[in-house]
Amino acid sequence: MKASKLVTTASVGALLLGMTAAAQADNWRYAHEEYEGDVQDVFAIAFKEYIEENSDHTVQVYRFGELGESDDIMEQTQNGILQFVNQSPGFTGALIPEAQIFFIPYLLPTDEETVLTFFDESKAINEMFPELYAEQGLELLKMYPEGEMVITTNEPISSPEDMRNKKIRTMTNPLLSETYDAFGATPTPLPWGEVYGGLQTGILDGQENPIFWIESGGLYEVSPHLTFTGHGWFTTAMMANQDFFNGLSEEDQALVREASNAAYDHTIEHIKGLADEALEKIQAASDEVTVTRLDEEQIQAFRDRAPQVEEAFLEMTGERGAELLEQFKTDLESVTNE
């Protein structure tokens, strides 16, 4: 009997030890807004690999549509169903109005190297934004650029007059709507999953996205006229549910930050030259595609309309938005003069 009890006690002890080890090795859920191989996916996979190579934790990555649209995955993260989410300020702007700053046209330069340096060194990005996200229960881990925005339309455009009355798809973002209204178009908010069909059926006359999305989503097939206006970069943010993050051990918090940094470095290397590669693929795949790169005089016609968007941003965000914009401009001036 004693021997039997001894075995039973030992077995229970082993089981409890195993359960404790299992409890320490968690499976974290991470959702993003893009397809396999796109920039957010590259970041997510690099993050996953770092976590799994340096701990017993695992990371389950969910791509676009697997758990719903962008609004769905943000809600799931705030509710603690997901531990990590990657969402662009284009959607987060409804939650954090100041995040719409990235949609003030011609605020960011078009030069890739300057943009990348700005994200590395900006006080607005690395110190002010985390505080804004924290107010919404989100631990901002990284903000990073994905690519220069390119407009695609059903016919070539080279001026604001050409944009008149064109229904241009926008994210559900008030300031982005303001931008296309200033450009002379009719902003038409629509979920990403409906964009291709909207362009195909004529519900939409055009849309904007980084060139790699235009290629991977096949948007050039139904919106073949590409225009480089130089008006902005697509930016995104990777964050954690703050209650989850604060509940981690110091060791695991450090692990998550290290994994975020490693994923950032890997992704920044990935996007260098990505736009040129995507454009080559598009041009090889379709004879109908036209590419228009506006000259300085043509760009100026669009840039002249930017101040009203900046004014709208300040109206939407008040004093905090003004402070953020001032710091943004200071940071940009610093990297531009380096």
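Residues numbered from 1 in each chain as written. Predicted model: local features only at pLDDT ≥ 70, side-chain atom pairs only at ≥ 80, totals over all residues. Heavy atoms only, no water.

Draft legend 1. Quick peek at unusual backbone geometry. One non-glycine residue with positive phi stands out, namely Tyr106, at about 65°. Tracing the backbone shows Tyr106 in the loop between α4 (89-92) and α5 (112-121). (Helix = DSSP H or I, 4+ residues; strand = E, 2+ residues; numbered from the N terminus.)

Draft legend 2. Geometry of the pairing of strand β5 (residues 167-170). Taken together, the 4 bridges between β5 and strand β6 (residues 186-189) define a ladder with parallel strand orientation. When the bridges of β6 are listed, Arg169 appears paired with Thr188. Between the parallel pair β5 and β6, the chain is carried across by helix α7 (residues 174-182), and the sense of this crossover is right-handed. Bridging between β5 and strand β7 (residues 206-210) involves 2 bridges; their strand directions are parallel. Each residue of the ladder has a partner; that of Ile168, found in β7, is Gly206. (Pairing = 2+ DSSP bridges. Right-handed = clockwise from strand over helix to strand, strands pointing away.)

Draft legend 3. View of helix α12 (residues 274-285). The end-to-end C-alpha distance of α12, which contains 12 residues, comes to 17 Å, matching closely the 16 Å that a straight helix rising 1.5 Å per residue would cover. When we look at burial in α12, the residues that qualify are Leu274, Ala278, Leu279 and Ile282. Buried residues in α12, looked at end-on, bunch into an arc of 130°, giving them a common side. Residues Glu280 and Ala284 are exposed on α12 and point more than 90 degrees away from its buried face. Of the surrounding elements, those touching the buried residues of α12 are α2 (39-54), α9 (211-216), β8 (225-228), α11 (250-271) and β10 (290-293). (Expected span 1.5 Å × (residues − 1). Buried < 20%, exposed > 50% of the residue type's maximum accessible area, 1.4 Å probe, protein only. Arc of directions from axis to C-beta. Contact = heavy atoms within 4.5 Å.)

Draft legend 4. How the structure looks around the packing of aromatic side chains. Taken as a whole and judged by the stated rule, the model has 19 aromatic pairs. Taking the centre distance of 6.3 Å and the plane angle of 75° together, the rings of Phe212 and Trp213 count as edge-to-face. For the pair Phe212 and Trp213, a shared accessibility class is recorded, and that class is buried. Taken together through their ring pairs, the aromatic side chains of Phe102, Phe118, Phe119, Phe129, Tyr133 and Phe328 make up a single cluster. The lysine or arginine in question, Arg293, covers the ring of Phe228, its NZ or CZ lying 4.0 Å from the ring centre. (Phe/Tyr/Trp six-rings, centres within 6.5 Å; stacked < 30°, edge-to-face > 60°. Lys NZ or Arg CZ within 6 Å of the ring centre and 35° of its normal.)

Draft legend 5. Looking closely at the side chain of Thr114. Residue placement: Thr114 occurs in helix α5. In this view, Thr114 contacts Pro109, Val335 and Thr336; residues no more than four positions away in its chain are not counted.

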